[in-house]
Amino acid sequence: MKSRVCVVAAGGTGGHMFPAEALARELAARGWRVVLATDHRGEAYAQAFPAEERIALDAATGRGPIGMAKAGVAIARGVVKARAALKRLDAAVVVGFGGYPSAPALLAALSQGRPTLLHEQNSVLGRTNRWLSPYVGAVAASFPNLRKVPGGVGARVTLIGNPVRPDIRALFDRPWVAPTPRGPIHVLITGGSQGARILSEAAPRALAALPAPLRQRLRVQQQSRPETLEAARAVYAAAGIEAEVAPFFGDMARRLSGTHLVIGRAGASTCSELAVAALPSLLIPLKIAMDDHQRFNAASLAGAGGAEVVLEDEATVERLTAALLPLLSDPARLSAMSAGARAAALPDATARLADMVEAAAR
């Protein structure tokens, strides 16, 4: 029997592309053929994407009357291109992951009566997903209590979680071990690409302000923007804190496996990975995130007891030190937070999303 085709449509950001790739790999393992529909930005995240073909769908965003008109023209062109591709491929189902480039593929599928579904990574339904959700067959949610869901859509929302990479998923099966009373405390700081001052500058200074006996036990690994690397290293050296500071860590699963506390932003993938890895965290939601979705992502993890949250406007060095001291001083509290994070985990999101795809295509 000829393999069925699933068209995966995702906007050009890592937040959209990574879960799309996880689904693609799962479907390929189940014998599906996968085709990726994205824009030129998405190609930057798709070097290893397991798709037999790629459909380039640039759907421009726009502000003001002229910008909106250009966006409308781009979407219309994308729909025409997608309709031809879907017909040629005889696509069995189209899955949208959000972002403007996913709109033409879904609109084309809807116009041809093909099965469709959406996956929303954040706690707030994104604009493209919000616009299309009344018309698709089903909506898969990553967090409970999904916000900004249009009227009548709620009954078609299924909570499945956010797909994570297999090496991160494997951490769910390992026991998290708290620091011993006098042993090293491993801290990982991530997410310095947006809001460099807080994570690249304020976080090192906050750790440096901790009492000396605690500082001597810290083992810090920090992702930092290139222009702040040396400043962060100098702060740690002056405070006597053992630290590794680099622009990027490629072996994130290994680093997470031995971490006691994560300090970072509250993107959807970050929160999902922290839950699956059962990691306590101090989260500083990105203030400028669309619809304040990072704050709601963080609230979901904090509500389960897995995270402490400091809002960006309050994230001074003094406030961060005050938040870190009771966490790093109390292994029992970290253990309770680890259990809370684990309770919020939905580790089998990828398989459940693939199940939804197969159900839609029947």
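As a reminder, the structure under discussion sits directly above these lines.
Definitions and limits used
- Residues numbered from 1 in each chain as written.
- Predicted model: local features only at pLDDT ≥ 70, side-chain atom pairs only at ≥ 80, totals over all residues.
- Heavy atoms only, no water.
- Core = buried A, V, L, I, M, F, W, Y, C linked by side-chain atoms within 4.5 Å.
- Buried < 20%, exposed > 50% of the residue type's maximum accessible area, 1.4 Å probe, protein only.
- Contact = heavy atoms within 4.5 Å.
- Helix = DSSP H or I, 4+ residues; strand = E, 2+ residues; numbered from the N terminus.
- Pairing = 2+ DSSP bridges.
- Axes fitted to C-alpha atoms, helices over the stretch in contact; angles between N-to-C directions.
- Right-handed = clockwise from strand over helix to strand, strands pointing away.
- Expected span 1.5 Å × (residues − 1).
- Arc of directions from axis to C-beta.

*Asks:* It is not clear to me how the nonpolar core should be interpreted in this structure. Could you clarify?
*Replies:* Within soluble globular proteins, side chains that are nonpolar tend to cluster in buried spots. Membership of the largest hydrophobic core comes to 60 residues, with the highest contact counts inside it found for Ile189, Leu207, Leu218 and Leu328. With residues near it in sequence (within four places) discarded, Leu218 still touches Ile185, Val187, Leu207, Leu210, Ile241, Glu242 and Leu328. Ranked by size, the runner-up nonpolar core spans 28 residues in total, among them Ile55, Leu57, Val79 and Ala85.

*Asks:* Looking at this structure, I do not really get unusual backbone geometry. What am I missing?
*Replies:* Leave glycine aside and you will find that most residues have negative phi; peptide bonds, for their part, are mostly trans. Even without being a glycine, Asn145 presents a positive backbone phi close to 55°. Here Asn145 is to be found in the loop between strand 6 (139-141) and strand 7 (157-159). Located in the positive-phi region is Ala278, a residue other than glycine, with phi close to 55°. Its location among the elements puts Ala278 in the loop between helix 11 (268-276) and strand 12 (281-283). What makes Ala278 buried here is its relative accessible area of 4%.

*Asks:* Just to check I follow, could you spell out the sheet that holds strand 13 (residues 307-309) for this structure?
*Replies:* Hydrogen bonds along the backbone pair up the strands of a sheet, which may run parallel or antiparallel. Across the sheet, which stays open at both edges, the six strands sit in the order 10-9-8-11-12-13 with parallel pairing between neighbours. One side of each edge strand has no neighbouring strand; the edge strands of this open sheet are strand 10 (242-246) and strand 13. Ignoring strand direction, the axes of neighbouring strands in this sheet form an average angle of 15°. Both strand 9 (residues 218-223) and strand 10 contribute to a ladder of five bridges, which runs parallel. Note that in strand 10 the partner of Gln222 across the bridge is Val245. Packing of helix 13 (residues 317-328) onto the sheet brings it into contact with strand 8 (185-189), strand 9, strand 11 (261-264), strand 12 and strand 13, and relative to strand 11 it is tilted by some 165°.

*Asks:* Would you take a moment to explain the environment of Ala243 for this structure?
*Replies:* With respect to the secondary-structure elements, Ala243 resides in strand 10. Residue class for Ala243 comes out partly exposed when judged on its relative accessible area of 35%. Separated by 41 residues in sequence, Ala243 and Ile284 place their C-alpha atoms 21 Å apart.

*Asks:* What should I look at first to understand the sheet that holds strand 2 (residues 33-38) in this one?
*Replies:* The seven strands are arranged 3-2-1-4-5-6-7 in an open sheet whose pairing can be described as parallel. One side of each edge strand has no neighbouring strand; the edge strands of this open sheet are strand 3 (53-56) and strand 7. Direction aside, the axes of adjacent strands within the sheet are offset by 25° on average. With three bridges joining them, strand 5 (residues 116-120) and strand 6 adopt parallel strand pairing. When the sheet's bridge partners are listed, His119 is paired in strand 6 with Ala140. Helix 15 (residues 349-361) rests against strand 1 (5-9), strand 4 (93-96), strand 5, strand 6 and strand 7 of the sheet, and its axis sits at about 160° to strand 5.

*Asks:* So what exactly am I meant to see when it comes to the environment of Ile288 here?
*Replies:* When you line up the elements, Ile288 lands in the loop between strand 12 and helix 12 (293-303). For the pair Ile288 and Val276, spaced 12 residues apart in sequence, the C-alpha to C-alpha distance is 26 Å.

*Asks:* I would appreciate a short explanation of the pairing of strand 9 in the present structure.
*Replies:* Burial runs high along strand 9: five of the six residues are buried. Sheet topology places strand 8 next to strand 9; five bridges connect them, and they run parallel. Note on strand 9: the bridge partner recorded for Ile189 is Gln222. Considered for its hand, the β-α-β crossover made up of strand 9, helix 9 (residues 229-239) and strand 10 is right-handed.

*Asks:* Honestly, helix 14 (residues 331-343) in this entry has me stumped. Any pointers?
*Replies:* Residues separated by three or four positions in an α-helix point in the same direction, a consequence of the helix having 3.6 residues per turn. For helix 14, built from 13 residues, the straight-helix expectation of 18 Å at 1.5 Å per residue is met to within 8% by its first-to-last C-alpha distance of 18 Å. Among the residues of helix 14, Leu334, Met337, Ser338, Gly340 and Ala341 are the ones counted as buried. For helix 14, the angular spread of buried residues about the axis comes to 160°, placing them on one side. Along helix 14, exposed side chains directed more than 90 degrees from the buried face belong to Ala332 and Ala343.

*Asks:* Got a minute to help me understand the pairing of strand 4 in this structure?
*Replies:* Look at any regular strand and the pattern is simple: side chains alternate between the two faces of the sheet. Of the two faces of strand 4, the one lined by Val93 and Val95 and the one lined by Val94 and Gly96 are each fully buried. Of the strand pairs in this sheet, strand 1 and strand 4 are connected by four bridges, and their pairing is parallel. Looking at the pairing, Val7 lines up with Val94 of strand 4. Each parallel crossover has a hand, and for strand 4 linked through helix 4 (residues 102-111) to strand 5 it is right-handed.

*Asks:* Which parts of the structure should I look at to understand the environment of Gly113?
*Replies:* Residue position: Gly113 is located in the loop between helix 4 and strand 5. For the pair Gly113 and Arg215, spaced 102 residues apart in the sequence, the C-alpha separation amounts to 61 Å.

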